[in-house]
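# Summary of the model geometry
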Number of protein chains: 2
Amino acid sequence: MLTIGKLGDAAGVKVPTIRYYEQIGLLPEPERSAGNQRLYGKSALERLAFIRHSRELGFPLEAIRDLLSLSDRPDQSCAAADIIAKDQLAAVEARIARLTALKAELERMITQCAQGTIADCRIIEVLGDHSHCAQDRRTSEAVG
Amino acid sequence: MLTIGKLGDAAGVKVPTIRYYEQIGLLPEPERSAGNQRLYGKSALERLAFIRHSRELGFPLEAIRDLLSLSDRPDQSCAAADIIAKDQLAAVEARIARLTALKAELERMITQCAQGTIADCRIIEVLGDHSHCAQDRRTSEAVG
DNA sequence: CTTGAACCTCTAGCTGCTAGAGACTTCAGG
DNA sequence: CCTGAAGTCTCTAGCAGCTAGAGGTTCAAG
């Protein structure tokens, strides 16, 4: 049996985070010691490792909740997990594309920085003027 | 003179967001009409466009606050703006690298999905086992 | 003059934690 | 057996960066 601190060390998750996961129902309420301290077994460690790894892959907690409920019923179809993973892949690819565009613009800004005074600083100027944008990706709503 | 709604439309920023920026001191308090409604001039629009564009480039509000205070003193050196932009570039590059690794792992997970039942679903299995990781990038703290 | 959209302030909520207060439990060393 | 430190408990509040809602006022068009 592991105390919450040992569990956290073993899974690479901080103690308050474990309590938070319990609070939002991602982890079941564990046994308690005579002195009311949480005691965890192997299955809790596995579940927490699953959550941690999923978080590292960028899955939001709600997706992890779904994945966990899937893995709690192991005789069902794998298709739902596949869908979640594919959604996540699409989201990751979109983020990469967006960041790559931002990187290009930042690089352009920096190379144009004359190292002079603010008055002729391209960084400030570029940030103030939207029309310099390489690609004008706008967020669809509320734009005239 | 623009009302807050017109300003928001012109800059591509939602009305509550403008009030939020004012609240946290990114935008100065504007004039008011006789009926206590906010009225903005051209400089407010420019400042808001600057903020919006910077946000799109991923600058955190605190960095934007610094950039704005720089641009308020145009006879100073451009070096500080350069540093902020380079920091942001480094952060963007780090995010891209991380996401690219995640993408590879998600793709691997998905191709391994047997489309069978959860019991032999690689997605669930891979997520539960950290040792499958292509690169074991851990967040430095609290890891045994 | 009336309607209805836009505005006002204020508070609370979102995600995914993190930090702190103030009290209790556990364990190792003496 | 006792002490003291480290770990744990619950609870509340805070972070970014907004967003949504309640309940009320103002403005512009018809």
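Residues numbered from 1 in each chain as written. Chains lettered and ligands numbered in written order. Predicted model: local features only at pLDDT ≥ 70, side-chain atom pairs only at ≥ 80, totals over all residues. Heavy atoms only, no water.

Going by an unreviewed UniProt entry, chain A carries the name MerR family transcriptional regulator and comes from Devosia pacifica.

Let's shift gears to the environment of G5(B). Mapped onto the fold, G5(B) is located in helix α1 (residues 4–11). For G5(B), a relative accessible area of 25% corresponds to the partly exposed category. (Helix = DSSP H or I, 4+ residues; strand = E, 2+ residues; numbered from the N terminus. Buried < 20%, exposed > 50% of the residue type's maximum accessible area, 1.4 Å probe, protein only.)

Residue and element names in this part refer to chain B. In contact at an axis separation of 10 Å, helix α3 (residues 42–56) and helix α4 (residues 61–71) are set at 140° when each is read in the N-to-C sense. When the axes of α3 and α4 are compared, the pair comes out oblique. Both α3 and α4 take part in a crossing whose hand is right-handed. Residues R47, F50, I51, S54 and R55 of α3 lie in contact with α4, whose contacting residues are L61, I64, L67 and L68. Counted by class, the contact of α3 with α4 contains six nonpolar, one polar and two charged residues. (Axes fitted to C-alpha atoms, helices over the stretch in contact; angles between N-to-C directions. Parallel < 35°, antiparallel > 145°, perpendicular 65-115°, else oblique. Left-handed = near helix turned anticlockwise from the far one by under 90°. Contact = heavy atoms within 4.5 Å. Nonpolar A, V, L, I, M, F, W, Y, C, P; charged D, E, K, R; others polar.)

DNA strand D sits among 18 residues. The nearest are G5(A), R19(A), R38(A), Y21(B) and R55(B). Counting only atoms of DNA strand D within 4 Å of the protein, the sugar-phosphate share comes to 88%. R55(B) places a side-chain nitrogen or oxygen 2.8 Å from a phosphate oxygen of DNA strand D. Only α1 (4–11) of chain A together with α2 (15–23) of chain B provide two or more residues apiece to the surface near DNA strand D. (Near = heavy atom within 4 Å. Polar contact = N/O pair within 3.5 Å; in protein donor to acceptor, adjacent residues only side chain to side chain.)

Around DNA strand C sit 18 residues in total, of which S33(A), R55(A), G5(B), R19(B) and R38(B) are the nearest. Near the protein, within 4 Å, the atoms of DNA strand C are sugar or phosphate in 90% of cases. At 2.8 Å from a phosphate oxygen of DNA strand C is found a side-chain nitrogen or oxygen belonging to S33(A). Here a phosphate oxygen of DNA strand C and a backbone polar atom of G5(B) are 2.7 Å apart. The set of elements that each furnish at least two residues to the surface near DNA strand C consists of α2 (15–23) of chain A together with α1 of chain B.

Moving on, we get to the nonpolar core. F59(A), F59(B) and L67(B) are the most contacted members of the largest nonpolar core, which totals 70 residues. Excluding residues that lie within four positions of it along the chain, L67(B) makes contacts with I124(A), L127(A), F50(B), F59(B), A81(B) and I84(B). (Core = buried A, V, L, I, M, F, W, Y, C linked by side-chain atoms within 4.5 Å.)

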